[in-house]
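# Summary of the model geometry
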Amino acid sequence: MVTIDETKVAHSALDDAQGLGLGVFLCGLGMHVLTHVGLITGQTAGIAVILSYLTGWSFGAVFFVINLPFYALAYQRLGLQFTLKSLASVTLLSVITTLLPLGFTIQTLHPALGAVIFGTTVGIGLLAMFRHNGSLGGLGVVALLIQDRYGFKAGYVQLTSDAVIFGVAALLFPISVVGWSLLGAVVLNLIITFNHRRDRYIAT
């Protein structure tokens, strides 16, 4: 019988760098697929995607700018280290999503498959980031603040914000776009739900 030592071992700076880098790259890959097939997503990234579709501006640039106001909130609620990691991750994602189309073009991809690829890659990417105390900033920080001040659970806040984003999208885009986008959101959230458990992951 194999005995497992469950003593928690802190991540080194190198551990964090590779974990966050891998997570951001996978998220960038997923966003590249998502925008190629013209779908949307929730949270801050969803707002940035919709604005990029409507204005023609780069998703990376819009995403970076939208996240700027959230850093002060992140610092107040989650501390300097988390804020710096989030800033670095958002900046890297903005760069990756800008550069990927220059070296990675997709000729044919059905929206359903694109949605599944998006949900899978971003779900795994976010898991890697969570396990290294990182995030892509945005509305998740606001959700935590609302939970602290008013007792309304952060998960419900994020669910409400996503419902609003998809509701607005339904007014702006064909219903098929919203439908396939919901598939991607379901895949992403199922991956997070089944795999993001700190009691199963012994490093911090």
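We now turn to the structure provided with this report. Because the structure is a prediction, the values reported are computed rather than measured.

Analysis parameters
- Residues numbered from 1 in each chain as written.
- Predicted model: local features only at pLDDT ≥ 70, side-chain atom pairs only at ≥ 80, totals over all residues.
- Heavy atoms only, no water.
- Helix = DSSP H or I, 4+ residues; strand = E, 2+ residues; numbered from the N terminus.
- Phe/Tyr/Trp six-rings, centres within 6.5 Å; stacked < 30°, edge-to-face > 60°.
- Buried < 20%, exposed > 50% of the residue type's maximum accessible area, 1.4 Å probe, protein only.
- Core = buried A, V, L, I, M, F, W, Y, C linked by side-chain atoms within 4.5 Å.
- Contact = heavy atoms within 4.5 Å.
- Polar contact = N/O pair within 3.5 Å; in protein donor to acceptor, adjacent residues only side chain to side chain.

Let's shift gears to unusual backbone geometry. Positive phi, normally seen in glycine, also occurs at Gln43, with a value near 60°. Looking at the secondary structure, you find Gln43 in helix α2 (residues 43–55).

All right, on to the packing of aromatic side chains then. Across all of its chains, the model carries two aromatic pairs by this definition. Seen in terms of ring centroids, Tyr53 and Phe173 are 5.9 Å apart; in terms of plane orientation they differ by 85°. Their pairing is edge-to-face. A residue pair is termed long-range when its members are at least 10 positions apart, and Tyr53 in helix α2 and Phe173 in the loop between α7 (154–172) and α8 (175–195) qualify at 120 residues. For Phe173, a relative accessible area of 16% corresponds to the buried category. Centroid distance Phe59 to Phe63: 5.4 Å. Interplanar angle 20°. Geometry classified as stacked.

This paragraph deals with the nonpolar core. In terms of nonpolar packing, the biggest core is built from 44 residues, with Phe63 and Leu126 touching the most fellow members. Residue assignment for this core shows that the elements contributing at least two residues are α1 (13–36), α2, α3 (59–67), α4 (70–103), α5 (111–130), α7 and α8. At seven residues, the largest contribution of residues to this core is made by α8. Discounting residues that sit within four places of it in the chain, Phe63 has contacts with Thr44, Ala45, Ala48, Val90, Leu93, Ser94 and Leu136.

On to the side chain of Thr97. Within the secondary structure, Thr97 is located in helix α4. The buried category is assigned to Thr97, whose relative accessible area is 12%. Within the structure, the side chain of Thr97 is placed 2.9 Å from the backbone oxygen of Leu93, a separation counted as a polar contact. One polar contact links the side chain of Thr97 to the main-chain carbonyl oxygen of Ser94, over a distance of 3.2 Å. Residue contacts for Thr97: discarding those within four places in its chain leaves Gly28, Met31, Phe59 and Gly60.

Any functional reading would require information that these geometric values do not contain.
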